[in-house]
Amino acid sequence: MAANKTRVIVVGGGVTGVGIIRDLALRKIDAILIEQGDLGHGASSRFHGLLHSGARYALNDPAAAKECLEENLILKKIAASCIENTGGLYLQHELDDDSYLEDWQKGCLEAGILTKEISAKEVLKNEPFLSKKIKRAFLVPDATIDGSRLVWGNVDHAIKYEAKVFTYSKLDKIIIENNQVVGAEIVNTLTGERTYWECTIIINAAGSWADQVASLAGLELDLVKNKGTLLVFNQRFTSRVLNRLRRPSDGDIIVPHNTVTILGTTSVNIDNPDRAEPTSEEVDTLLSAGQELIPNIHSLRILRAYAGVRPLLFDMQHGEEQDGRNISRDFIMIDHGVRDSLAGLISLVGGKLTTYRLMAEKTVDYVANLLGERKPCLTKDVPLIEQEGAFHSGRKFSTYLEKYGEKGALLEQYLKDSPEKEAILCECENVSYAEVELVASWDSTNNLDDLRRKTRIGMGTCQGLYCSFRSLGTAWENLKKKKEKPLVQLITFLENRYKGQKSVLWESQLRENELT
Ligand SMILES: Cc1cc2nc3c(=O)[nH]c(=O)nc-3n(C[C@H](O)[C@H](O)[C@H](O)COP(=O)(O)OP(=O)(O)OC[C@H]3O[C@@H](n4cnc5c(N)ncnc54)[C@H](O)[C@@H]3O)c2cc1C
C-alpha cells in the first residue's frame, strides 16, 4: 500500500488536538491532525463558553485555579478575537453557606485571583434580572470564549506554519510493528476512501472517544463519560458571567454569549458520547436551580438545549462511588510506551478548555523530547492572528477579522468587489450574504452544518427556520459541489436543530414545531 509520511498524527479536532497541532507546527515538527467530523464537533463546541479565572477551583483545586488564571491572561492576549472580556460575578444567595464563602475567599487569595466585593444594590443596578435575595457579590476576572473561533483560529494558524489538517477523517486502525506504532489507516467518513500514513507517534486527543482510539491498539482506558446539559436563552439577560457562590452544583453558572445566554450545567455519567442528548428532566432541573438567581427565568424564551460530554479518568481508589463532580478535572497524559509497552501512542484525558494551550505545551514538550527535538514552545507569545494591527490591546480592528481570523481579509476583498453582498441574510446573528457565499466555497465547509458552525447562521432566535433556506439558495452553486446533496444537507441541518429544541418545547409550541 502507498503510504504518506509524517512524524506525528494528532487524533481529534477539539481544542486539545488543535492546540497540539499549532504547538507542533510552531516548533516545525512535521505533523497532521485528523478529525472524524467537523472541527470542534465534540465538547469544544458543547460547553459553557466560560474562560475561567480559576475562582471556581479556588477551594478544591488550588493548582488548577492558578493554571486557569495564568492561561486566562495568556489567552486574552493571544486569542483576543475569541474572547469577550465580560468579567464575572460570584453571588452569595440567602440560601448559601457563609463558611463556604470564607474558605473560597482564602482560596482565591492564595491562588492570586483578584476579587472585589461590590454591594448587592450596585449589582442589581447592572443586572436587573437578578434575585433580590443576593446577599454578597464579588467581581472576578472571568470572561467568555467562543469555542468554534478558538478551534479554527488554532487550525488556521497551524496550517500557516505547514501543518496538515483533515476533517471528516477517522482513525480506523493503528499499525503496530514490534511494540511500536508505525502508522495509521484513516477512513474518510463522507466518501469511505482509505489512506495510509506512516508515523512515529500518534497523540490520542479524542476526548470522550479516547477509550475507543486506545482500543484500536488493543488497550484499555477507564473513562468516565460525564454528560452536562445546558440551556440557551434567546437574549442576553446578564452582562457578566454569573457564578453561584456555593459548592459546585447543577445550574449554577450563567454565561452571556454572543447574542444569547447559556445556563448550565448538569452532571450525569453515560456510556456512549454519540448519544449525549439533553432530557426534559435535565431542563427542569436547570430551570429550578436557575430560578434562585433569576426569579423570572420561566418566562424567558429558551431556544434550545444541548449536551456535552466530559471525559474523566476513572479513579480506581474511589471505585463505584464516583459521580462526575467528584472526579478531578485535571489533565492526564498517558504514555502507553511506559504503561503498556506500546511505544509511540500517547493518550490525553480530562482538562478544561481554559487550559488547553498549557496542556498542549506539556504534551508537545514530552513528545518533542521523545523525537529528540529541542525547539521551545512559542504558543504563549505568538498570537493566533498575526496580521499587524489586527488586535491592538484587545481593540477590535475589523468585524470580519475578529470572526474569521486572517481569512477575514478574503471577505473584505470580496465585499470590495461586490458591496451589495454586505446585505444581511441572517438577521438573528447578523450574517451577510457575502459570508454565506464565501464560507460555503471553502474546502473545509462540507455541508450546511459546517457553514453554521463557522458563520453562526441558525444559532439565533429563528434556529434556522428562515436562514437555512436562504443559505441553501444563496450558496447553492457551492453546496451542490459537496459530497452530500444540498437537500440532504438541509434535512440534516433541520433535524440537528430540532434535536436541541424538542426537550425545551411543550404543548402548542411543540405541536407547531412538529408541523413546521
Ligand atoms: C457541559 C460542559 C461544559 C463545559 N464548560 C466549560 C467551560 O465553561 N470552560 C472550560 O474551560 N471548559 C469547559 N468544559 C470542558 C471543555 O469543554 C473540554 O475540556 C474541552 O472542550 C475538551 O476538548 P477535547 O479536544 O479534549 O475534546 P473534544 O472537543 O470532545 O474533541 C475530541 C474530538 O476527537 C474526535 N475523534 C474521536 N474519535 C476520533 C477518531 N477515531 N478519529 C478522528 N477523530 C476522532 C471527536 O470527533 C472530537 O471532535 C466543559 C465541558 C462540558 C462537557
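Calculation notes
- Residues numbered from 1 in each chain as written.
- Predicted model: local features only at pLDDT ≥ 70, side-chain atom pairs only at ≥ 80, totals over all residues.
- Heavy atoms only, no water.
- Core = buried A, V, L, I, M, F, W, Y, C linked by side-chain atoms within 4.5 Å.
- Buried < 20%, exposed > 50% of the residue type's maximum accessible area, 1.4 Å probe, protein only.
- Helix = DSSP H or I, 4+ residues; strand = E, 2+ residues; numbered from the N terminus.
- Domains from an automatic or database assignment.
- Contact = heavy atoms within 4.5 Å.
- Pairing = 2+ DSSP bridges.
- Phe/Tyr/Trp six-rings, centres within 6.5 Å; stacked < 30°, edge-to-face > 60°.
- Lys NZ or Arg CZ within 6 Å of the ring centre and 35° of its normal.
- Buried area = accessible area lost by both parts, 1.4 Å probe.
- Salt bridge = Lys/Arg side-chain N within 4 Å of Asp/Glu carboxyl O.
- Near = heavy atom within 4 Å.
- Polar contact = N/O pair within 3.5 Å; in protein donor to acceptor, adjacent residues only side chain to side chain.
- Areas by Shrake-Rupley, 256 points an atom, 1.4 Å probe, with all protein chains shown as cover.
- Nonpolar A, V, L, I, M, F, W, Y, C, P; charged D, E, K, R; others polar.

Moving on, we get to the nonpolar core. Core analysis: the biggest nonpolar cluster contains 43 residues, and V8, I20, L24, I145 and L150 have the highest contact counts within it. Among the elements that take part in this core, helix α9 (residues 356–371) stands out by supplying 7 residues, more than any other. Here this core gathers at least three residues from each of two domains, domain 1 (4–43 + 148–222 + 328–371) and domain 2 (79–145 + 224–313). Beyond its immediate stretch of four places on either side in the chain, L150 contacts V15, A79, C82, I145, L353, Y356 and L384. Core analysis: the next-biggest nonpolar cluster, separate from the first, contains 25 residues, I9, V11, A184 and I186 among them.

Let's shift gears to the pairing of strand β15 (residues 223–233). Of all the 11 residues making up β15, 11 are buried; the element is thus mostly covered by neighbouring parts of the structure. Burial along β15 is two-sided: the face carrying L223, K225, K227, T229, L231 and F233 and the face carrying V224, N226, G228, L230 and V232 are both buried. Note that β15 and strand β20 (residues 302–313) share 11 bridges and pair antiparallel. Counterpart to N226 in the pairing with β20 is R310. Examined bridge by bridge, β15 and strand β18 (residues 260–264) share 4 bridges and lie antiparallel to one another. For V232, the partnering residue across the bridge sits in β18 and is I262.

Applying the stated criterion across every chain yields a total of 6 aromatic pairs. Arranged with centres 5.3 Å apart and planes meeting at 85 degrees, the rings of F233 and F237 form a pair that is edge-to-face. Taking 6.1 Å as the distance between ring centres and 85 degrees as the angle between the ring planes, the aromatic pair formed by Y404 and W442 counts as edge-to-face. Of this pair, Y404 sits in helix α10 (residues 399–404) while W442 sits in the loop between α12 (433–441) and α13 (448–455), and the two are 38 residues apart along the sequence. Across the pair, exposure class does not vary: Y404 and W442 are buried alike. Directly above the aromatic system of Y57 lies the positively charged group of K352, at a separation of 4.6 Å from the ring centroid.

Let us now look at the domain arrangement of the protein chain. Domain assignment breaks the protein chain into domain 1 (4–43 + 148–222 + 328–371), domain 2 (79–145 + 224–313) and domain 3 (398–515). Taking only C-alpha atoms, the centre of domain 2 and the centre of domain 3 are 29 Å apart. Of the residues lining the interface, 16 residues belong to domain 2; the matching set on domain 3 comes to 16 residues. Note on domain 2 versus domain 3: buried area summed over both sides is about 1300 Å², and carbon and sulfur give 47% of it. Taken together, the links from domain 2 to domain 3 amount to 1 salt bridge. For E277, the salt bridge goes to K502, with nearest N and O atoms at 3.9 Å.

Near the ligand you find 37 residues, and of these T16, E35, S44, L50 and T354 are the closest. E35 is positioned such that a nitrogen or oxygen atom in its side chain is 2.7 Å from an oxygen atom of the ligand. At a separation of 2.9 Å, an oxygen atom of the ligand approaches a polar side-chain atom of Q36. Burial of the ligand by the surrounding chains reaches 95%, relative to a free accessible area of 1000 Å². Put simply, the parts of the chain that give the shell around the ligand at least two residues each are α1 (15–26), β11 (169–177), β15 and β20. Tallied by class, the residues present in the shell around the ligand amount to 14 nonpolar, 18 polar and 5 charged.

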